[in-house]
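Structural overview for review
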Amino acid sequence: MRDTEAGRYGEGLFRPEETGEAGRIDLGALAYDEVSAARLSALGAGPGWHCLDVGAGTGTLARWLLESAGVTAVLAVDRDTRSLDTARTPGLSTLTADVTAPDFDPGRFQLVHARFVLMHLRAWRRMIAKLASLVAPGGVLVLSDAVDLTSAGAPATPYTTVMRAMWQGLRDSIGTDISWVPDYPYLLREEGLHRVAAEIHVPPLVPGGPLSRFWDETWDRARGAMLATGQVDEARIERARRALASDECAGLSPGMLTAWGWRTEEGRP
């Protein structure tokens, strides 16, 4: 059983130095980068923009902003930046930092972006306010986190049973909480942002596809936390993994809710 007592993402679970963790993150990027890139393009990300990418992971979206959107600069922030290669991407710089620290203040940016970050932070409400404060006048805050449209009320299948255990195990062990994510538009309005909107994307679960492989590897890393809930045992987890890799799995994957809001040119009232 893996150690699940550290209480923070990247410590007890999903440690960046663990073999294969960067690959797991890249599988998630394969599933969601295209959607995130389309949204950032629609919001106008391009030349002249200085961007902050919080929880940048392996830097796939930061590099896209520079190489495809043509933004001027991206500051990629993570608690562990060893997976970020700045040498081959002009305009990309990194900052190893804990964004929850009271003194975290890297500047003001036309784009502040965080994906699948705040859902893992117990201080998520304070972090929304913090990230909103980093948006320059005329800039935009874009936040994405998970929503699960089926686990709570769907029929009990090997897949849904293990998904329920995963969310409970992550909440108990590292504080992951997605229950508040649908409130994002209202929370951004509370921070004084304008032209607030949101969308949800639910990619398909395809046997052998990047998202199915992502969840399989996530379950493997979170196995100890899932077993600790008492909702599943080893046999149930293995049945779910076999179902996920076959055409038997008819469930919906957790989706990604993306919300955005603009700072007025005058700044916050």
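Preceding block: the structure.
Residues numbered from 1 in each chain as written. Predicted model: local features only at pLDDT ≥ 70, side-chain atom pairs only at ≥ 80, totals over all residues. Heavy atoms only, no water.

1. Quick look at helix α6 (residues 210-221)
For α6, with twelve residues, the first-to-last C-alpha span of 16 Å sits near the 16 Å given by 1.5 Å per residue. Lining the buried residues of α6 we find α1 (21-42), α4 (158-174), α7 (223-228) and α8 (234-244). (Helix = DSSP H or I, 4+ residues; strand = E, 2+ residues; numbered from the N terminus. Expected span 1.5 Å × (residues − 1). Contact = heavy atoms within 4.5 Å.)

2. Let's talk about the pattern of salt bridges
Under the counting rule described, the total for this entry stands at 19 salt bridges. The partner of Asp98 in a salt bridge is Arg8, and the shortest N-O contact between them spans 3.3 Å. Taken together, the residues span a long stretch of sequence, with Asp98 in the loop between β3 (92-96) and β4 (109-115) and Arg8 in the segment before α1 at a distance of 90 residues. Among the residues examined, Asp98 registers a relative accessible area of 25% and is labelled partly exposed. With a closest N to O distance of 3.0 Å, Arg125 and Glu191 form a salt bridge. Taken together, the residues span a long stretch of sequence, with Arg125 in helix α3 (residues 124-133) and Glu191 in the loop between α5 (184-190) and β6 (194-201) at a distance of 66 residues. (Salt bridge = Lys/Arg side-chain N within 4 Å of Asp/Glu carboxyl O. Buried < 20%, exposed > 50% of the residue type's maximum accessible area, 1.4 Å probe, protein only.)

3. Looking at the side chain of Asp216
Turning to its location among the elements, Asp216 is positioned in helix α6. In this structure the side chain of Asp216 is engaged in a polar contact, spanning 2.6 Å, whose partner is the side chain of Arg241. The contacts of Asp216, once residues within four sequence positions are left out, are Arg241 and Leu244. (Polar contact = N/O pair within 3.5 Å; in protein donor to acceptor, adjacent residues only side chain to side chain.)

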